Each structure stands twice: as C-alpha cells, then as structure tokens.
Amino acid sequence: MPVPQNVATDYGFRSTAPGYIIPAEARLWFEDLKERVLRLEGRPFGLLVDSRTQKSNPPESQEIIREAMVWLRAHGMQRSVVVLDSTVALIQILRIAKSTGVYSYERYLDALKDPLWERKAVDWLSHGIDPDLPPPPRGQGG
C-alpha cells in the first residue's frame, strides 16, 4: 500500500492518503507535513487531502489524524478539503473533524458523485468559494 505523501501547491499542500494507513505511516505523514508548515513561518495555507480509495483506519491512526488537524489549524491552516469515495471514510473523518473543531473550516467532496471535485476543492482553498453552496445567479455578483 502506498504511504501518504505531501506536496506543496499554490494554495498550500496536497496530501495523498490512499488505502489503509497504519500508525507508523500516519506519523511519518504528519511529521513531514509539520516540517513543511513550519517552513511557511506562519503564513496561512490550505490543505487538500485526497483520500480516494481509503476505507477506514485503525484507531491509532485516527488519533494521529486528530492530532494533526488540531496542530495544523493552530499553525495557519485556513481551510481544508477532503476528497473521498467511501461513506465509511467520510463518517470517520466527519467524527474526527467535529471533535477537533476543524469541521467548520473543512469541506468534503465525493469523487464518485462529482467529476468537478478537484476544481471545487481548489476554489474552496484558494478563493473561499464554498462547494456546499449553490453558485450565485449569472450576472449577480460573484
């Protein structure tokens, strides 16, 4: 199974978290992301987490994800988006996000139902355009 990876982007970071993530992999992912965030020296950033193919994770990995959410929010994460293709993974991440206070800054996109998920994710992270709200009528602001 591939290890989660982080990549710098124009909006901040994109993490790819495929499959079943064991605690050691989750810890490596978080430590790498911490180093990248600290190099920003306090500048705000967004985070896209591509969790397609992820079904669920063990409780120990979930705890590391919970720790990461709190730390990232405290160190400049303005918005985040999680892309999923599994209801089980969605339920798991919603529970974690609500318990950490990140929920109101995070959006969830179903890659199976929305072919425009990537554009919507980047619009949320870069411009604050909420993918959960309908677009304004044509010719009226925007």
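Remember, predicted model here, so these are calculated numbers, not experimental data.

Visitor: Can you help me understand the overall build of the protein chain in this one?
Guide: Scanning the protein chain for helices and strands turns up 4 helices and 5 strands. Along the protein chain, from the amino end to the carboxyl end, the secondary structure elements read β-β-α-β-α-β-α-β-α. The C-alpha atoms of the protein chain give a radius of gyration of 15 Å, which matches the 14 Å a tight globule of 142 residues would have. Overall, the protein chain is about 50 × 35 × 25 Å in size when its C-alpha atoms are taken along their principal axes.

Visitor: What is the right way to read the environment of Gly76 from this model?
Guide: Looking at the element boundaries, Gly76 is found in the loop between α2 (59-74) and β4 (77-84). Sequence spacing of Gly76 and Lys120 is 44 residues, and the spatial spacing of their C-alpha atoms is 21 Å. Not counting the four nearest positions on each side in its chain, Gly76 is found in contact with Pro44 and Phe45.

Visitor: What is the right way to read unusual backbone geometry from this model?
Guide: Glycine aside, the phi torsion of most residues is negative, and most peptide linkages are trans. Positive phi, normally seen in glycine, also occurs at Glu41, with a value near 55°. Residue position: Glu41 is located in the loop between α1 (23-38) and β3 (45-50). With a phi close to 80°, Thr53 is a non-glycine residue in the positive phi region. Take Thr53: it is sitting in the loop between β3 and α2. Taking relative accessible area as the criterion, Thr53 reaches 44% and is therefore assigned partly exposed.

Visitor: Got a minute to help me understand the environment of Pro18 in this structure?
Guide: Summarising the element assignment, Pro18 is placed in the loop between β2 (12-16) and α1. Along the chain, Pro18 and Ser51 lie 33 residues apart, while their C-alpha atoms are 5.6 Å from each other.

Criteria and cut-off values
- Residues numbered from 1 in each chain as written.
- Predicted model: local features only at pLDDT ≥ 70, side-chain atom pairs only at ≥ 80, totals over all residues.
- Heavy atoms only, no water.
- Helix = DSSP H or I, 4+ residues; strand = E, 2+ residues; numbered from the N terminus.
- Rg over C-alpha atoms; globule rule 2.2 N^0.38 Å.
- Contact = heavy atoms within 4.5 Å.
- Buried < 20%, exposed > 50% of the residue type's maximum accessible area, 1.4 Å probe, protein only.

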